[in-house]
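# Report on the structure
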Amino acid sequence: FPVTIKRGLVEPAVGDLGRYEESKVLKQKALAYKESYYRQNVTKEAGLEVARVARNLGLVLLQNLNQLEAAKVAFQRASEIISLNLGDGDKKIKNMRQLAENLRSLGNISMKQENYQEAEMYFQQALDNYGQSTSLEANNIRADLVTVYQKLGKDDLAKALFEETIPIFEQSNKAEIS
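Fair warning: this is a prediction, and the values are worked out from it, not measured in the lab.

## Some remarks on the packing of helix H3 (residues 68-84) against helix H4 (residues 89-112)
Here H3 crosses H4 at 155 degrees, and the two axes come no closer than 9 Å. With respect to H4, the element H3 is oriented roughly antiparallel. At the point where H3 passes H4, the crossing takes the left-handed sense. Listed contacts from H4 to Leu68, Ala71, Lys72, Phe75, Gln76, Ala78, Ser79, Ile82 and Ser83 of H3 are Asn95, Gln98, Leu99, Asn102, Leu103, Ser105, Leu106, Ile109 and Lys112.

Okay, here's the thing in structure tokens:
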């Protein structure tokens with residue numbers, strides 16, 4: 001349950017739920033507008049704007065309202081649009097990272113729904129978008145995949161992938177300390 005801190009006191013933020021519902025409605029309206037514009041002006045920029053708004057809607061639905069099925073639809077739409085509008089060069093790399101984050105969100109929804117095979121598929125697709133990257137973001141997806149492997153009883157895969165993540169997390173912690 002969300003809380004707010006006022007004058008040093010912690011109080012339940014009863015009004016937050018209303019604000020999230022309002023945010024959801026506004027994001028749904030924005031998405032409908034962006035989708036309409038995109039249908040009339042099929043450009044990469046317009047498509048990526050649809051994906052951005054769909055992702056933001058998905059985040060509110062997932063993180064604040066726990067509306068998993070609606071969030072799933074939003075993240076799937078964002079992923080679909082990004083896949084169609086990857087671009088070239090640096091933009092392609094950036095868009096692949098955004099696609100990976102949407103796929104990771106889909107994997108997290110599947111985990112919450114205890115659909116571990118689907119979660120495995122989404123996390124693997126997300127990781128594929130990072131290639132051999134040793135970034136912290138990619139490593140977090142590896143850690144998610146380790147959890148899925150454990151849930152599916154794929155202990156050998158879980159152990160092998162876990163052992164890959166350790167040096168990356170250690171390196172990341174050293175960088176934060178220095």
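This is not the end of the story, as more comes after the structure.
## Structural notes on the confidence of the model for the protein
When pLDDT is averaged across the protein, the result is 86; 87% of the residues are at 70 or more. Per-residue pLDDT stays below 50 along residues 1-15; that stretch engages in 17 contacts with residues further than four places along the chain or on separate chains.

## Structural notes on the packing of helix H2 (residues 44-64) against H4
Their axes nearest at 12 Å, the elements H2 and H4 cross at an angle of 30 degrees. Classed by the angle they form, the pair H2 and H4 counts as roughly parallel. The hand of the H2/H4 crossing is left-handed. Between H2, through Leu48, Arg55 and Leu62, and H4, the contact on the second element is made entirely by Asn95, Glu101, Asn102, Ser105, Ile109 and Lys112. When the residues that make up the contact of H2 with H4 are grouped by side-chain class, the tally is 3 nonpolar, 3 polar and 3 charged.

## Some thoughts on the side chain of threonine 165
Its location among the elements puts threonine 165 in helix H7 (residues 155-177). Judged by relative accessible area, which is 2%, threonine 165 ranks as buried. Within the local environment of threonine 165, its side chain forms a polar contact with the backbone oxygen of phenylalanine 162, the two atoms lying 2.6 Å apart. Setting aside anything within four residues of it in sequence, one finds threonine 165 in contact with Asn139, Arg142 and Ala143.

## Re the layout of surface pockets
By volume, the largest pocket amounts to about 230 Å³. Forming the boundary of the largest pocket are Leu48, Ala51, Arg52, Arg55, Asn56, Ile82, Lys91, Lys94, Asn95, Gln98, Glu101 and Asn102. At the level of secondary structure, the elements contributing two or more residues to the lining of the largest pocket comprise H2 and H4. In terms of residue count, H4 provides more of the lining of the largest pocket than any other element does, 6 residues in total.

## Regarding the environment of alanine 32
With respect to the helices, strands and loops of the structure, alanine 32 is situated in helix H1 (residues 14-40). Sequence spacing of alanine 32 and valine 50 is 18 residues, and the spatial spacing of their C-alpha atoms is 8.8 Å.

## A look at the pattern of salt bridges
Counted according to the given criterion, the structure contains 10 salt bridges. Put simply, glutamate 120 and lysine 154 hold a salt bridge, and the shortest N to O gap is 3.0 Å. Taken together, the positions of glutamate 120 in helix H5 (residues 116-130) and lysine 154 in the loop between helix H6 (136-151) and H7 put the pair 34 residues apart, joining distant regions of the chain. Using a relative accessible area of 17% as the deciding quantity, one classes glutamate 120 as buried. According to the relative accessible area criterion, lysine 154 is partly exposed, its value standing at 30%. Close ionic contact of arginine 142 with glutamate 164 constitutes a salt bridge, the shortest N to O distance being 3.9 Å. In this pair, arginine 142 is assigned in helix H6 and glutamate 164 in helix H7, connecting sequence segments 22 residues apart.

Conventions and cut-offs
- Residues numbered from 1 in each chain as written.
- Predicted model: local features only at pLDDT ≥ 70, side-chain atom pairs only at ≥ 80, totals over all residues.
- Heavy atoms only, no water.
- Axes fitted to C-alpha atoms, helices over the stretch in contact; angles between N-to-C directions.
- Helix = DSSP H or I, 4+ residues; strand = E, 2+ residues; numbered from the N terminus.
- Parallel < 35°, antiparallel > 145°, perpendicular 65-115°, else oblique.
- Left-handed = near helix turned anticlockwise from the far one by under 90°.
- Contact = heavy atoms within 4.5 Å.
- pLDDT = per-residue confidence, 0-100.
- Nonpolar A, V, L, I, M, F, W, Y, C, P; charged D, E, K, R; others polar.
- Buried < 20%, exposed > 50% of the residue type's maximum accessible area, 1.4 Å probe, protein only.
- Polar contact = N/O pair within 3.5 Å; in protein donor to acceptor, adjacent residues only side chain to side chain.
- 1 Å grid on protein atoms, 1.4 Å probe; cavity = no way out; pocket = protein on both sides within 12 Å on 5 of 7 lines; lining within 4 Å.
- Points joined across faces, edges and corners; volume = space filled by probe spheres on them.
- Salt bridge = Lys/Arg side-chain N within 4 Å of Asp/Glu carboxyl O.

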